[in-house]
Amino acid sequence: MARILEIRQESPTRIALDLNDNTGSMTVYFEKKAYEKKPGAFGDMEVTKGKYVRLFARVRTFGTPQKVLIGIQIKPISSFGEVMNHFLSVFVAYKTRCK
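These numbers come from a predicted model, not from an experiment. Within each chain, residues carry numbers counting from 1 in the order of the written sequence. Reporting of local features is limited, given that this is a predicted model, to residues whose pLDDT is at least 70; pairs of side-chain atoms are given and counted only at 80 or more, and all residues count toward the totals for whole chains, interfaces and linings. Based on all heavy atoms of the structure, the side-chain values leave hydrogens and waters out of the count.

> Mind showing me how you'd approach the sheet that holds strand β5 (residues 68-76) here?
To summarise the sheet geometry, strands pair through backbone hydrogen bonds and adopt either a parallel or an antiparallel arrangement. When DSSP locates at least two bridges between a pair of strands, those strands are taken to pair. Here a helix means four or more residues in a row that DSSP labels H or I, a strand means two or more in a row labelled E, and each is numbered from the N terminus. Sheet architecture is closed into a barrel: 5 strands sit in the order β1-β2-β3-β5-β4, paired in mixed fashion. Neighbour-to-neighbour, the strand axes of this sheet turn through a mean angle of 40 degrees, independent of strand direction. Both strand β1 (residues 2-11) and strand β2 (residues 14-20) contribute to a ladder of 7 bridges, which runs antiparallel. Each bridged residue has a counterpart across the sheet, and for glutamine 9 the counterpart in β2 is isoleucine 15. Throughout, an axis means a line fitted to C-alpha atoms (over the contacting stretch in the case of helices), and angles, computed between N-to-C directions, take values from 0 to 180 degrees.

> Hey, could you run me through the environment of lysine 38 in this one?
Relative to the helices and strands, lysine 38 resides in the loop between β3 (25-31) and β4 (52-60). Residues lysine 38 and isoleucine 15, 23 residues apart in the sequence, show an inter-C-alpha distance of 8.1 Å. Note on contacts: a residue pair is in contact if any heavy atoms of the two residues lie within 4.5 Å. Ignoring anything within four residues of it in the chain, the contact list for lysine 38 reads Lys32, Gly43, Asp44 and Met45. Polar contact is defined as a pair of N or O atoms within 3.5 Å, subject to the rule that within protein one atom must be able to donate a hydrogen and the other to accept it, and that residues adjacent in sequence are counted only when both atoms are side-chain atoms. In this structure the side chain of lysine 38 is engaged in a polar contact, spanning 3.1 Å, whose partner is the backbone oxygen of glycine 43. Looking at lysine 38, its side chain comes within polar contact range of the main-chain oxygen of methionine 45, at 3.2 Å.

> Would you take a moment to explain the environment of lysine 67 for this structure?
As for its position among the elements, lysine 67 is in the loop between β4 and β5. In this structure lysine 67 comes out as exposed when scored by relative accessible area, which is 60%. Not counting residues within four places of it along the chain, the set of residues in contact with lysine 67 comprises Val59, Arg60 and Thr61. Buried, partly exposed and exposed residues are distinguished by accessible area as a fraction of the type maximum, computed with a 1.4 Å probe on protein chains only: under 20%, between the cut-offs, and over 50%, respectively.

> How do you make sense of the pairing of β1 when you look at a structure like this?
Taken residue by residue, a regular strand's side chains alternate between the two faces of the sheet. Summarising the sheet, β1 and β4 pair through 2 bridges and their orientation is antiparallel. When the bridges of β4 are listed, arginine 3 appears paired with tyrosine 52. The turn linking β1 back onto β2 is made up of 2 residues.

> Would you take a moment to explain the side chain of asparagine 20 for this structure?
Among the secondary structure elements, asparagine 20 is positioned in strand β2. Among the polar contacts listed, one links the side chain of asparagine 20 to the side chain of serine 25, at a separation of 3.4 Å. Leaving out residues up to four positions away in the same chain, asparagine 20 has contacts with Ala2, Arg3, Leu5 and Ser25.

Structure follows, in structure tokens:
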């Protein structure tokens, strides 16, 4: 779960989303066909800056130490309660592991 900071068209077949999940920032790449206006992973969702989204992605290395996130699916957050629930579950997991 993260907030969209920036949307960039990297190439005719790649869109990059800069996201922040309040623990750090990351860039997720979505692949699309050149004739499509937006990637199929977006579905009917309108992707705009500042919107909170639930994201599913793969980590790829491409033979280098640098890791790249490739987006599989992105869904809008329907209520701010989902964001709060996510933050609380992350906090509980962190506190549990610190013991």
